[in-house]
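Chain by chain, the residues run as shown.
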Amino acid sequence: MDTPQGTCEVTVRNDNGLHMGPSSKIAQLAQSFRCEVTLSRNGGEPVDAKSMIDLLTLAAEKGTVLIVQARGEDAEEALSSMCHLFESGF
Amino acid sequence: MRIFRGIAVSRGVTIAPALVLGSENFRIPQRFVSVDVVDTEVARFQEAFDQVCLEIEQNEKVASAQLGNQYGAIFAAHLQLARDKKLRLEIESLIREKCHSPEYAVSKVLRNYAKVFQNLGDQYLAERAVDLYDLEKRLLRQMLGDRREELTNLTQPVLILAHNLTPSETAALDRSFVKGFATELGGHTSHTAILAGALEIPAVVGLGDFLSDIAGGETVIIDGNHGEVIIDPDEATLERYRQSEAEFRSMHKRLESQTQLPAVTTDSLEIQVQGNIEFPEEVDQSVKYGATGIGLYRTEFLYLSGEKEPTEEDHYQAYRRVVAPNPEMPVTIRTLDLGADKLPKSMRALSREIDNPFLGLRSLRLSLQNLPLFKTQLRAILRAAVHGNIRIMFPLVSTLLELRQAKMILSDVMEDLEYQGVPFRRDVPVGMMVEVPSAALMADEFAREVDFFSIGTNDLIQYTLAVDRANTQVAHLFSSGDPSVLKLLERIVSAARRASIPVTVCGQMSSDPIYSALLLGLGVRQLSVTPHIIPEIKEVVRHLSITQAESIAAHALTLDVARDVESYLRGELKKFFPDLMM
């Protein structure tokens, strides 16, 4: 059976973009899943969503569209949680 | 010979060799290690790493509990950054694969990321590089130990020259060898300055960048009367200072012999000179210096010294300790005046995160938003009041509503105590600090609702002139003699007189003898000052008459710039008290 995987698109709604606070929350959430989770800007290199330092280097401002990709047994759950987090604007 | 000017915070003159404390630039002893110790080196790194995470976790807890969750969240984010698996793996692989020493690996990796942040073209992220340097420092401090251990192994007299000294470092200085200190950072009102006074060693702070080419071992003069530090003085200068060191000592001795005499003006009015204290033990020192009361007992150290929040019992024991030796002596306890600006070193990152900490959640505002914390303290004060002559004082009151709210909470606490059958004193006088210009402008209205005023000149000046005195770029704009400050003082004192309530001045201004005549002339009859200054202020009072003070104040009020006010007052002090060494 293939490894479950999927992608979704999210928009950064936080006023200050993905700064310390939001990045810390994303990393914390991503770490709660077993699957691999990455974020990328349109066409950019994907970064590890479990690494806060990687997330910060995305330098994603408010309004940036990011692609979330998850790969692993709980990928589906991870994707929906991530989308939910972004929609809430934290 | 080089002369540096700063802010004099503790009087006296002292001459000794320099001991320079590094500006936290850790020197990495070795860059590479041999292959066979790689495992133990990795383990050493991991241990340091775990310790640092614990430290940040602790900061988070303390910040959340004392300042609120939004502040704790700042450390939560730091912790997340510190625990980043990627960082840890990168550092470990440099140790394992390239035989880097853990210190070198930590420095290399974190500095590398700091550079990346600085080049992302995002202002906020560029500033976050500081957080990475912070993490680097924490790790290096953990692995290399604190160079400041040097301070505990002194064998001969030295003067400490440092970028900054924390209050706890200052308090721990060994007075038998440390004869004085000078720092690049700091202001008049920093806790370090206050502690220097308590230690009775000359100190100058806020010197700005002066350490860069001092190696240590040079002969240094610290002139705590004029705020000067002289490196490598020539023979003539040295001779002059030896002379004034001796004169200062003899004046001090003379003053000390008169400490227990009252401060009575030449026209027979007794002025109350009280002490400002931080620690319960300082009450003994104040009494020794002839204080007639404690005009300001700051309670922040109860919160800052320990890791956990003080319990009601901790508060109660501290307050009892202050009143126990002299149950009749008035003791004014100020409720929590904590803000982001008074945090311990390891939590300093917080104040970077908060814009305008002085205009933010601090002091009474913090208490009103954190009722369990506030009520705990009020309960302890009311209980301790059974054993002494305690007065309660609320700091940083800016509106009448705040004052009423605080008083209402005090009544709630009394009701609780009554209901629980706990002994307490109901008629404790309740006063407020007048230290925000809004309160000074509304002084008449406030005076009707409190039992006393205490003027906190440090904050009053800071808020009136919009100057942070700890900021070396603008510190020179801070002046107690500014005409706007004088006008506010006059207004507050008159309002208190109309309402027949007492008014004390407890800010740093009252500890500076040049302002004694002005304050008395404005109508102030109670001064609360740094304990070791009490003998000097009392002696100044004994040289003055109220009539004379009134005419000095009246003239000072006609001057329109701070510099003129200061030089006029200095000149008058020299006239009526020529022997006072300035």
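Residues numbered from 1 in each chain as written. Chains lettered and ligands numbered in written order. Predicted model: local features only at pLDDT ≥ 70, side-chain atom pairs only at ≥ 80, totals over all residues. Heavy atoms only, no water.

1. Details of the overall build of chain A
Let me state the cut-off plainly: Helix and strand labels come from DSSP, where a helix needs a run of H or I of at least four residues and a strand needs a run of E of at least two; each type is numbered from the N terminus. Any residue under 20% of the maximum accessible area for its type is buried, any over 50% is exposed, and the rest in between are partly exposed; the area is computed with a 1.4 Å probe on protein chains only. Working rule for contacts: check all heavy atoms of both residues, and any pair within 4.5 Å makes them a contact. Areas reported here follow the Shrake-Rupley algorithm with a probe of radius 1.4 Å; residue values treat only the protein chains shown as occluding.
Within chain A one finds three helices and four strands. Traced from its N-terminal end to its C-terminal end, chain A shows the element sequence β-α-β-β-α-β-α. Counting across all 90 residues of chain A, residues that qualify as buried make up 50%. Put simply, 71% of the contacts in chain A that link residues at least 6 apart link residues at least 24 apart. On chain A, roughly 4,600 Å² of surface is accessible, and the fraction owed to carbon and sulfur atoms is 42%.

2. A look at the packing of helix α1 (residues 38–67) of chain B against helix α3 (residues 85–98) of chain B
Residue and element names in this part refer to chain B. Where we set the bar: Axes here mean lines fitted to C-alpha atoms, for a helix over just the part in contact, with angles spanning 0 to 180 degrees between N-to-C directions. Roughly parallel means an angle under 35 degrees; roughly antiparallel, over 145; roughly perpendicular, 65 to 115; everything else is oblique. Less than a right angle of anticlockwise turn of the near helix away from the far helix marks a crossing as left-handed, whereas a clockwise turn marks it as right-handed. Following the grouping adopted for this structure description, the nonpolar residues are Ala, Val, Leu, Ile, Met, Phe, Trp, Tyr, Cys and Pro, the charged ones are Asp, Glu, Lys and Arg, and the polar ones are all others, Gly among them.
Running from N to C, α1 and α3 point in directions that differ by 155°, and their axes come no closer than 9 Å. When the interaxial angle is binned, α1 and α3 end up roughly antiparallel. In this structure, the crossing between α1 and α3 has a hand that is right-handed. Packed against α1, whose contacting residues are Val38, Asp39, Glu41, Val42, Phe45, Gln46, Phe49 and Asp50, the element α3 presents Arg88, Ile91, Glu92, Ile95 and Arg96 at the interface. A per-class count over the contact of α1 with α3 returns six nonpolar, one polar and six charged.

3. What to know about helix α15 (residues 400–420) of chain B
Residues and elements named next belong to chain B. Note the following rule: Take the number of residues in a helix, subtract one, and multiply by 1.5 Å to get its expected span.
Helix length check: α15 (21 residues) gives 30 Å between terminal C-alpha atoms against 30 Å at 1.5 Å per residue, within 8%. Of all the positions in α15, only Leu400, Glu402, Leu403, Ala406, Ile409, Leu410, Val413, Met414 and Leu417 are classed as buried. Looking one or two residues past α15, Gly421 carries a phi angle of roughly 70°, positive in sign.

4. Thoughts on the pairing of strand β2 (residues 36–41) of chain A
All names here are of chain A. We apply this condition: Between any two strands, pairing holds if DSSP finds at least two bridges.
Where β2 and strand β4 (residues 65–71) come together, six bridges link them in antiparallel fashion. Note that in β4 the partner of Val37 across the bridge is Ala70. Looking at chain direction, β2 and strand β3 (residues 47–48) are connected through two bridges and run antiparallel. Counterpart to Thr38 in the pairing with β3 is Asp48. The antiparallel pairing of β2 with β3 creates a hairpin that spans five residues between the two strands, and Gly43 there sits at a positive phi of about 80°.

5. Points about the sheet that holds strand β3 (residues 13–21) of chain B
Residue and element names in this part refer to chain B. In spatial order, the strands read β1-β8-β7-β3-β4-β5-β6-β2; together these eight strands make up an open sheet with mixed pairing. Every interior strand has two partners, whereas the edge strands, β1 (2–5) and β2 (7–10), have only one. Adjacent strand axes in the sheet meet at a mean angle of 30° when their direction is disregarded. Here strand β5 (residues 178–183) runs beside strand β6 (residues 203–205); their pairing, made up of two bridges, is parallel. Looking at the pairing, Phe181 lines up with Ala203 of β6. Seen against the sheet, helix α8 (residues 235–257) touches β3, β7 (219–223) and β8 (228–231) and runs at an angle of roughly 115° to β3.

6. Brief notes about the interface of chain B and chain A
Our working definition: Defined here as a combined quantity, buried area equals the accessible surface (1.4 Å probe) lost by two parts on assembly, summed across both. The term salt bridge refers to a pairing of a side-chain nitrogen on Lys or Arg with a carboxyl oxygen on Asp or Glu at a separation within 4 Å. N or O atoms closer than or at 3.5 Å make up a polar contact, with two conditions inside protein: a donor-capable atom paired with an acceptor-capable one, and, for residues adjacent in sequence, both atoms drawn from side chains.
With 18 residues of chain B in contact, the opposing surface of chain A contributes 14 residues. In total, chain B and chain A occlude about 1,500 Å² of area from one another, counting both sides; carbon and sulfur atoms represent 68% of this. On the chain B side of the contact with chain A, B:Gln80, B:Asp84 and B:Tyr124 bury the most area, a combined 34% of that side's loss. Between B:Lys86 and A:Asp54 there is a salt bridge; the shortest N-O distance is 2.6 Å. On the surface where chain B and chain A come into contact, there are five residue pairs in polar contact (both at pLDDT 80 or more). Listed by contribution, the elements that provide at least two residues to the side of chain B that touches chain A are α2 (69–82), α3, α4 (102–118) and α5 (123–144) of chain B. For the side of chain B that touches chain A, the per-class residue count stands at eleven nonpolar, two polar and five charged.

7. Quick look at the packing of aromatic side chains
All names here are of chain B. In plain terms, the rule: Classification of ring pairs uses Phe, Tyr and Trp, with its six-membered ring standing for Trp, and accepts pairs whose centres are within 6.5 Å; under 30 degrees between planes counts as stacked, over 60 as edge-to-face, and the remaining range as tilted. Definition used: whenever NZ (Lys) or CZ (Arg) falls within 6 Å of the ring centre and also within 35 degrees of the ring normal, the charge is taken to sit over that ring.
Taken as a whole and judged by the stated rule, the model has five aromatic pairs over all chains. The aromatic ring of Tyr289 is capped on one face by Lys288, whose charged end is 4.9 Å from the ring centroid. Over the ring of Phe452 we find Arg391, and its NZ or CZ is 3.7 Å from the ring centre.

8. Considering the sheet that holds β2(A)
All names here are of chain A. Strand order in this open sheet of four strands is β1-β4-β2-β3, and the pairing throughout is antiparallel. Strand pairing shows two members of the sheet lacking a second neighbour, β1 (5–11) and β3, which therefore form its edges. Across the face of the sheet, helix α3 (residues 75–88) comes into contact with β1, β2 and β4 while running at roughly 0° to β1.

Keep in mind these values describe shape, not function.
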